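Listed here are the chains, written in short residue letters.
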Amino acid sequence: MTGLEGVPVKVEAQALDAFTARLDGTVLLPGDAGFEEAVRIWNAMISKKPALVVQPVSTGDVREAIGFARAHGILLSIKGGGHNIAGTSLADGGLTLDMSRMNRVEVDAERRVARVGAGCRLGEVDRATQEHGLATVLGFVSETGVAGLTLGGGFGYLTRRFGSTVDNLEEVEIVTADGDVRRAAVDEHEDLFWALRGGGGNFGVVTRFTFRLHQVGPEITGGVIAWDADNADEVVKLYRQVAEAAPRELTLAVTMRLAPPAPFIPERWHGRPVVAMLVCHSGDPDHAANDLAPIKALGTPIADFIVRKGYAEQQSMTDRTQPKGMHNYWKSEFLPRLSNELLETYRHEAAGILSPMSQAILFQLGGALADQDAGATSFGNRDAEHIFFAAGCWPPDTLDAEMNRAWARSAWEAIRPYSTGGNYVNVQTADEDEDRMKEAYRDNLDRLANVKAAYDPDNLFRVNRNIPPAASGLSLSTAPP
């Protein structure tokens, strides 16, 4: 097996058998039924094969796996939903903790909280909470894993009303590198709780999240409206105009791409350049009609599917644009208010898209995201009004892979001068350097390194967007008990 420093380590069969016997969950080796599915992740650019996959069913199983990896010095990776760009849920030759069987959702409608297992995906949580007309702030692709989204900060259609995903996190249960099970919240292990709200998988394995819920839906006004890309100038300026006046109940995104072969797009438009707005208005339907009137009045759309619909349906609306098994190379920048120069640059770069699956996206933020200070959670960037994604996506067998990757990098480099200075750690690529980590966390990075030193001084949890422990940080012996 691969050791922590990348060199092989030998694990005796007897030790592996004893470890397996202590588990209630499943251990998979290459060639076992279920192994290939367990190591299949969303971004097919990442091809790694762990030597061992453990599928825990309890916190006790997670403790055992962490103890086994620590005792033998084995490279350890954690797979929640497996839906990220960098592919950090796998490590060649290592031990992968596949959390997919810990996917229970418990909704306490009276207290308005949901307790969510670390193997859950967004759609599972949305469906469970919407049974009670409730929701928490999650992303906008239902197959995304809750754990990865949350630990990197998280935002979505409800962020402008209720803040980021981590702003709605009440507490977590986590197993740290020493094998202890801890509750982290604002009143217990406060430093760890602060770090977990944006610092990724650097501090342990979260086994359960508790989220605050809000009254949402079950119906909202949402959907997508698309125009010929020749109208891009008008559309992006209207996006800015409506976004700047929008109530917190309204969130917009604009995307430029080649029209997908979707059933709601007329066939004659498939593969042709289009510009579209994604809309979610979670407020009063009458107010929604008024707030969205300028969008509905613009030109002659190719397709208009902004309607009253279930919130859970809205949350899965873009799933088809994010299929498993494609190659994905994304870049992001948080943005302030949109200048004319920025919008012109955005349109120009979007015109260079080659793949029918790639997109140039502007997603509206602001609102409640800015209600707290930048240091309130380790996920900062609260000065962002929008986020830009150069979302490169193409089939594995394409001959233009390098050209698609080059487009994403070029578009990002063109937008970067307009950035707030921050980027979103959840879409960092595997080739991002240390400077990109500094830009993602900005003034919070030194504090994160100190918390890392307190709870994982040997950097057991390193298969991630890694934050090395500070050389002079706290030790576990001086961390809160």
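Structure's up top.
Remember, predicted model here, so these are calculated numbers, not experimental data.

Before we go on, may I ask you to explain the overall build of the chain in this structure?
Assigned secondary structure in the chain consists of 14 helices and 19 strands. Here the C-alpha radius of gyration of the chain, 22 Å, is about what a compact globule of 481 residues would show, namely 23 Å. When its C-alpha atoms are laid out on the principal axes, the chain stretches across 70 × 55 × 40 Å. Residues classed as buried in the chain amount to 58% of the 481 residues present. Residue pairs at least 24 apart in sequence account for 73% of intrachain contacts in the chain once pairs closer than 6 positions are excluded.

What's the story with the sheet that holds strand β2 (residues 52–55) in this structure? I'm lost.
Strand pairs in the sheet, formed through backbone hydrogen bonds, run parallel or antiparallel to each other. The mixed open sheet is built from four strands, whose spatial order is β1-β2-β4-β3. Looking at the sheet topology across the chains shown, the edges are occupied by β1 (26–28) and β3 (76–79). Strand-to-strand, the axes of this sheet are offset by a mean angle of 20 degrees, without reference to chain direction. The pairing of β1 with β2 spans three bridges and is antiparallel. Note on β2: the bridge partner recorded for T26 is Q55. Strand contacts of helix α3 (residues 59–72): β2, β3 and β4 (95–98), with the helix running at about 170 degrees to β4, the strand carrying the most contacts.

Can you walk me through the side chain of S332 in this structure?
Relative to the assigned elements, S332 resides in strand β17 (residues 327–335). Among the polar contacts made by the side chain of S332, one reaches the main-chain amide nitrogen of Y424 at a distance of 3.0 Å. The residues touching S332, leaving out its near neighbours within four places in the chain, are I387, F388, F389, W412, N423, Y424, V427 and R436.

Just to check I follow, could you spell out the pairing of strand β13 (residues 250–258) for this structure?
Consecutive side chains of a regular strand alternate in pointing toward one face of the sheet and then the other. For β13, a buried count of nine out of nine residues is recorded, marking the element as mostly surrounded by other parts of the structure. Along β13, one buried face is formed by L250, L252, V254, M256 and L258 and the opposite face, lined by T251, A253, T255 and R257, is buried too. When β13 meets strand β14 (residues 273–281), the two strands line up antiparallel, connected through nine bridges. The residue of β14 that forms the bridge with R257 is V274. As judged from the five bridges shared by β13 and strand β18 (residues 359–364), these two strands associate in the antiparallel manner. What sits directly across from V254, in β18, is L362.

Help me understand the pattern of salt bridges, please; the structure alone is not making it clear to me.
Side-chain pairing between opposite charges can occur once the charged atoms of the two side chains come close. Using the criterion set out here, one finds 32 salt bridges in the structure. The shortest N-O distance in the salt bridge between D187 and R183 comes to 2.9 Å. Since its relative accessible area comes to 53%, D187 is described here as exposed. One salt bridge connects D383 with R442, and the closest N-O pair in it is separated by 3.3 Å. In this pair, D383 is assigned in the loop between β18 and β19 (386–394) and R442 in the loop between α13 (434–441) and α14 (445–455), connecting sequence segments 59 residues apart. Exposure remark for R442: the relative accessible area of 30% places this residue in the partly exposed category. Three or more residues joined by partner-sharing salt bridges are found here, namely K331, E333, R416, E432, R436 and E439.

Looking at this structure, I do not really get the environment of V27. What am I missing?
Counting through the fold element by element, V27 comes out in strand β1. Take V27: its relative accessible area is 19%, and that puts it in the buried class. Every residue in contact with V27, bar those within four places of it in the chain, is listed here: F19, T20, D32, L52, V53 and V54.

Hey, could you run me through the nonpolar core in this one?
Generally speaking, soluble globular proteins have nonpolar side chains that are buried together. Core analysis: the largest hydrophobic core is formed by 96 residues, its most contacted members being L196, F209 and Y424. Sorting elements by how many residues they give to this core places α14 first, with six residues. Residues within four places of L196 in sequence aside, it is in contact with T150, L151, V172, I174, A184, F203 and V206. Among the nonpolar cores identified, the runner-up in size contains 39 residues, and M256, L343, Y346 and W394 belong to it.

Parameters and conventions
- Residues numbered from 1 in each chain as written.
- Predicted model: local features only at pLDDT ≥ 70, side-chain atom pairs only at ≥ 80, totals over all residues.
- Heavy atoms only, no water.
- Helix = DSSP H or I, 4+ residues; strand = E, 2+ residues; numbered from the N terminus.
- Rg over C-alpha atoms; globule rule 2.2 N^0.38 Å.
- Buried < 20%, exposed > 50% of the residue type's maximum accessible area, 1.4 Å probe, protein only.
- Contact = heavy atoms within 4.5 Å.
- Pairing = 2+ DSSP bridges.
- Axes fitted to C-alpha atoms, helices over the stretch in contact; angles between N-to-C directions.
- Polar contact = N/O pair within 3.5 Å; in protein donor to acceptor, adjacent residues only side chain to side chain.
- Salt bridge = Lys/Arg side-chain N within 4 Å of Asp/Glu carboxyl O.
- Core = buried A, V, L, I, M, F, W, Y, C linked by side-chain atoms within 4.5 Å.

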